Amino acid sequence: GARQVHVVPNGIEDVFAPETIARNENEVRIFYIGLLHEDKGIHTLLDTFHLLTGKHDNVSLHLAGQFQNKSDRETFLSRAQEYGVRDRIHLHGLVTLDTKWQLFAKMDVMCFLSHYSAESFGNSVLEAMIWEMPVIATAWRGLQDLVIDQETGYLVPIRDARAAAEKASLLIIDRELRIRLGKRGRERFLQEFTLEKHLKRMESAILSSVSFPGLAQ
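This write-up is about the structure you can find in this document. Just so we're clear, the structure is a prediction, and the values are computed from it rather than from any experiment.

**Here we look at the nonpolar core**
- In this structure, Ile 30, Phe 31, Phe 104, Met 110, Trp 131 and Ile 136 are the most contacted members of the largest nonpolar core, which totals 60 residues.
- In terms of residue count, helix H5 (residues 161-173) provides more of this core than any other element does, 6 residues in total.
- Those residues within four positions of Ile 136 in sequence are excluded, and the remaining contacts are Val 109, Met 110, Cys 111, Phe 112, Leu 113, Tyr 154, Val 156, Ala 164, Lys 167, Ala 168 and Leu 171.

Okay, here's the thing in structure tokens:
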């Protein structure tokens, strides 16, 4: 017989602490947090950053997470050196709890350019939305369900550094735009992706499945 399928979006805890926000008006900090793997788009991000540094002298790149191995780290950093941008890239390593949220409080733009085949639901993107950060993400897998293009950030094609740099440029030169998209992202998080919203939807899905004639016991 017919089966009823419920899709319940993930939900995460609201850890926003507005009093800790420490963004610098004179510098725009581009941020990525997660696995520092090629399929998570870090080389596209590096290419994007290289393009941005040619146009903007007030931009820096901040990466939090771990490389898969020493060789990956060396490849990434030697490419950054070749581009002449190594001194504008900050590696924060693996960060957790308060240290992690202190970083979020200082960052301006989340750039999540993943093309990971098993990308499902970008928690890092949601966390950026919690912290009123506009998000540039790839139009890929579950990321498309989080970011509303031109409203909470921008969606760009995978492996397209030029498109990502174009969108990041808009945000770098327009602080008001960064603030507006960031605030709209937080509103979207509160409307759709809180833990409470997730639990209510789970409860509703379970109850409606139980009462669904095709599944009734």
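**Overview of the pattern of salt bridges**
- Under the criterion given, the structure shown has 9 salt bridges.
- Taking the shortest distance from any N to any O, the salt bridge between Lys 183 and Glu 132 comes out at 3.4 Å. Of the two residues, Lys 183 is situated in helix H6 (residues 175-192) and Glu 132 in the loop between helix H4 (123-130) and strand S5 (135-138); the sequence distance between them amounts to 51 residues.
- Here Lys 183 falls in the partly exposed class, since its relative accessible area comes to 41%.
- Look at the salt bridges and you will find they share partners, linking Glu 151, Arg 184 and Glu 187 into a network.

The rules we used
Residues numbered from 1 in each chain as written. Predicted model: local features only at pLDDT ≥ 70, side-chain atom pairs only at ≥ 80, totals over all residues. Heavy atoms only, no water. Core = buried A, V, L, I, M, F, W, Y, C linked by side-chain atoms within 4.5 Å. Buried < 20%, exposed > 50% of the residue type's maximum accessible area, 1.4 Å probe, protein only. Helix = DSSP H or I, 4+ residues; strand = E, 2+ residues; numbered from the N terminus. Contact = heavy atoms within 4.5 Å. Salt bridge = Lys/Arg side-chain N within 4 Å of Asp/Glu carboxyl O.

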